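Notes for the structure review
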Amino acid sequence: MVYKEAINWLFQQLPMYQRVGKTAYKADLSNTILLANYLNNPQTKFKSIHVAGTNGKGSTSHMLASILQEASFKVGLYTSPHLKDFRERIKINGELIPKRNVTTFVKNHKSFFENNQLSFFEMTVGLAFEYFAKEKVDIAIIEVGMGGRLDSTNIITPVLSIITNIGFDHTQFLGSTLPQIAKEKAGIIKEDVPVIIGEYNNETLPIFEEIANERNTTLYKAFETKGALMPSDLKGDYQKSNIRTVQTAVQILQEKNYPIGIQHLAKGLQNVIKNTGLMGRWQVLQTKPKVICDTAHNKEGLSITMKQLAAEKFDKLHIVLGMVNDKDLDGVLPLFPKNAAYYFCKPDVPRGLDTTTLWKGAANFGLEGNEYISVQKALKAALKSAATKDVIYVGGSTFVVAEVV
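**Side note on unusual backbone geometry**
- Here the amide bond leading from S80 into P81 is cis, since omega sits at -10°, within 30 degrees of zero.
- Between K288 and the following residue, P289, the backbone shows a cis peptide bond with an omega angle of -5°.
- Mapped onto the secondary structure, P289 falls in the loop between β9 (283–286) and β10 (290–293).
- The phi dihedral of N216 falls on the positive side, at around 55°, and the residue is not glycine.
- With respect to the secondary-structure elements, N216 resides in the loop between α9 (205–214) and β8 (219–221).
- By relative accessible area, which is 51% here, N216 ends up exposed.

**Thoughts on the sheet that holds strand β12 (residues 340–344)**
- A sheet is described by the order of its strands in space; here six strands give the open sequence β9-β10-β14-β11-β12-β13, paired in mixed fashion. The open sheet terminates on both sides in strands that have one partner only, identified here as β9 and β13 (369–371). Recorded for the sheet is a direction-independent mean angle of 20° between the axes of neighbouring strands.
- By the bridge criterion, three bridges tie β12 to β13 in an arrangement that is parallel. Following the sheet pairing, Y343 is matched in β13 by N370.
- Each of β11 (317–321) and β14 (391–395) touches helix α13 (residues 299–310); the most contacted strand, β14, lies at about 170° to it.
- Seen against the sheet, helix α16 (residues 375–385) touches β9, β10, β11, β12 and β14 and runs at an angle of roughly 175° to β11.

Here is what the cut-offs are and how they apply
Here the residue numbering is sequential within each chain, running from 1 through the sequence in written order. Predicted model: local features are reported for residues with pLDDT of at least 70 only, side-chain atom pairs are reported and counted for 80 or more only, and whole-chain, interface and lining totals are derived from all residues. As a rule here, side-chain values cover all heavy atoms of the structure and leave hydrogens and water aside. Only DSSP runs of H or I with at least four residues qualify as helices, and only runs of E with at least two residues qualify as strands; both kinds are numbered from the N terminus onward. Each residue is placed in one exposure class: buried if its accessible area under a 1.4 Å probe, protein chains only, is under 20% of its type's maximum, exposed if it is over 50%, and partly exposed if it falls in between. Note: two strands are recorded as paired if DSSP finds a minimum of 2 bridges between them. To obtain an axis, a line is fitted to C-alpha atoms, over the contacting stretch when the element is a helix, and the angle between two such axes runs from 0 to 180 degrees between their N-to-C directions. The contact criterion used throughout is that any non-hydrogen atoms of two residues lie within 4.5 Å.

Encoded structure:
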């Protein structure tokens, strides 16, 4: 088996939530536990930090990895989804997992996977945990895929848990109210493992306090911490609360005798992209005209991103916009500016929202533009129309951004 065959098998053999949606979701940890036992429980062989939340968990995970790398730790990083290459999901010190490790893992365990009908996500978590254990990482930053309580990553006992914030996303799985969603995310809170809450919400804080109390652990409120925020190479306005959360996390790790100095914190925050390879977060792809892409895709994320976009200086604004078909259009489209030319497109995944549906939905909110058959065609048209002092924003979905970075 070669790498391409292994990857194709992983993608095609089994449903994957990120691409196809609801049919891939399994509300049960039994398969993950079965796989972990079969692999001799690799998750017990390295220390970890568990990161959940509606928005910001990817950026927070990458910032933490960067800081720990600067402090000379060997750092595993597990995140999802990927943008260009499956191997982005599993890294050590910013380096992608080698292709041969992916191929060997699939080849050696394929019959077990098939016999037990494991999902894409379960297998990928198994691969990551086995790789981190074999490579003897000092610590791994593990980002939750979705939710928390029933997420495949939730078999670890970390040294620290982080919940960045709570918003409305994946409501068909996690619940339709903020307290319901908070309860699912709070499923990562473990007995005697300190937990950080990144952002304040009066509906969700009592849930976290109650569960932390039940599990006999200390709850830290990053939003209450005072002091200056350190600068970062991640320039999205929404990163401010992530930086505060990360600074709180470093403080707790220092109290646990992790040798992380102020210089590691400063350098780590300034070199997140270089150290970890993070893409798609307020990423400037070119200047003249300025092209910005961002993976914000729900109400909470987009409201901050659109404010930042409005503060940009431009003669004319162009927005290349695509979404997935389970998105609440009436919730997110009103956030987009009316004073822009729109280029509606469909990301190249089965969950991609039909452009005509998006175009019609956008028209209801006074957003006008044309439909294009692909993200690339839409961006090409925007570049052709734009003058040098214009700004082009590409977004609406992680999968739109994946096609332009």
